[in-house]
Amino acid sequence: MTIWNNSKMSTVYYSDDSASENDVCVVKITDREILVEYDDEGLVQYRGANDGSGHFVLSAERVDGRASLHMFAESSILEGSWIEGGYRGMWRIELG
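These remarks concern the structure in this document. (Residues numbered from 1 in each chain as written. Predicted model: local features only at pLDDT ≥ 70, side-chain atom pairs only at ≥ 80, totals over all residues. Heavy atoms only, no water.)

### A word on the side chain of T11
- Considering the arrangement of structural elements, one finds T11 in strand 1 (residues 2–13).
- For T11, a relative accessible area of 10% gives the class buried.
- Non-local contacts of T11, meaning those with residues more than four positions away in its chain, are made with A19, S20, W82, M90 and W91. (Helix = DSSP H or I, 4+ residues; strand = E, 2+ residues; numbered from the N terminus. Buried < 20%, exposed > 50% of the residue type's maximum accessible area, 1.4 Å probe, protein only. Contact = heavy atoms within 4.5 Å.)

### Focus: the sheet that holds strand 3 (residues 33–39)
- Reading around the circumference, 1-2-3-4-5-6-7-8 is the order of the 8 strands in this closed barrel, with antiparallel pairing throughout. Averaged over all pairs of adjacent strands, the angle between strand axes in this sheet comes to 30°, irrespective of strand direction.
- Looking at chain direction, strand 1 and strand 8 (residues 87–94) are connected through 6 bridges and run antiparallel. When the bridges of strand 8 are listed, Y13 appears paired with G89. (Pairing = 2+ DSSP bridges. Axes fitted to C-alpha atoms, helices over the stretch in contact; angles between N-to-C directions.)

### Concerning the packing of aromatic side chains
- Considering all chains together, one arrives at 3 aromatic pairs under this definition.
- Seen from their ring centres, Y13 and W82 are 5.4 Å apart, and the 85° between their planes marks the pair as edge-to-face. Linking Y13 in strand 1 with W82 in strand 7 (residues 77–84), this pair joins segments that are 69 residues apart in sequence.
- When its relative accessible area of 7% is taken as the criterion, W82 is described as buried.
- Aromatic side chains Y38 and Y46 sit 6.5 Å apart centroid to centroid with 15° between the ring planes, which places their arrangement in the stacked category.
- Here the aromatic cluster, defined as three or more aromatic residues joined through ring pairs, consists of Y38, Y46 and W91. (Phe/Tyr/Trp six-rings, centres within 6.5 Å; stacked < 30°, edge-to-face > 60°.)

In short, the description is geometric, and any link to function would need to be established separately.
So this is what it looks like as structure tokens:
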């Protein structure tokens, strides 16, 4: 398992809400799974399968969320989209 405890997450909303930049998150990737954790008035955990392709489909039970993340080989950047409740947008995570 590889763990990046000091990753930085930037979030863009498809609404008038301001973007959120450099929020701390933890990313854990194993041969089978990806886990992205961050605090938003409690722990939010997005989980998804890892098939080795660099493309992940995740879900977060606590916030009724669905998301995607994509990563090129040897890259330290994950990018994708998300939906939570009535909100949706894009996110970018720099592993650190």
